[in-house]
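Here's the letter readout for the chains.
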Amino acid sequence: MPHDSPFAYSLSQSEEGWRWSVYDKDGVTVADGANASRDAAQAAVERTLRYPPPEMRTFA
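Residues numbered from 1 in each chain as written. Predicted model: local features only at pLDDT ≥ 70, side-chain atom pairs only at ≥ 80, totals over all residues. Heavy atoms only, no water.

A.B. asks: Mind showing me how you'd approach the sheet that holds strand β2 (residues 17-23) here?
C.D. replies: Backbone-to-backbone hydrogen bonds pair the strands of a sheet. The strands run either parallel or antiparallel. Judged by pairing direction, the sheet is antiparallel, and its three strands sit side by side in the order β1-β2-β3 without closing on themselves. Looking at which strands have only one partner, the edges of the open sheet turn out to be β1 (8-14) and β3 (29-35). The average angle at which neighbouring strand axes cross in this sheet is 15°, direction not considered. Bridge count for β1 against β2 is seven bridges, and the pairing is antiparallel. Of the residues in β2, the one forming a bridge with Ser 14 is Gly 17. Relative to the sheet, helix α1 (residues 38-50) contacts β1, β2 and β3, its axis offset from that of β2 by approximately 15°. (Pairing = 2+ DSSP bridges. Helix = DSSP H or I, 4+ residues; strand = E, 2+ residues; numbered from the N terminus. Axes fitted to C-alpha atoms, helices over the stretch in contact; angles between N-to-C directions. Contact = heavy atoms within 4.5 Å.)

Printed below as a string of structure tokens:
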């Protein structure tokens, strides 16, 4: 993942699997979800960071 990304993320284990969230520079949650495995949750985060929805995109 790019080090200069304006987003941060978290992964946490739950009884059902793994929850993930992506945050903007102000700490506001811009995307979240849950997956059965950690690898699937990490992949979802990476997809979100790589291809953010239009409302999340920032332009330099």
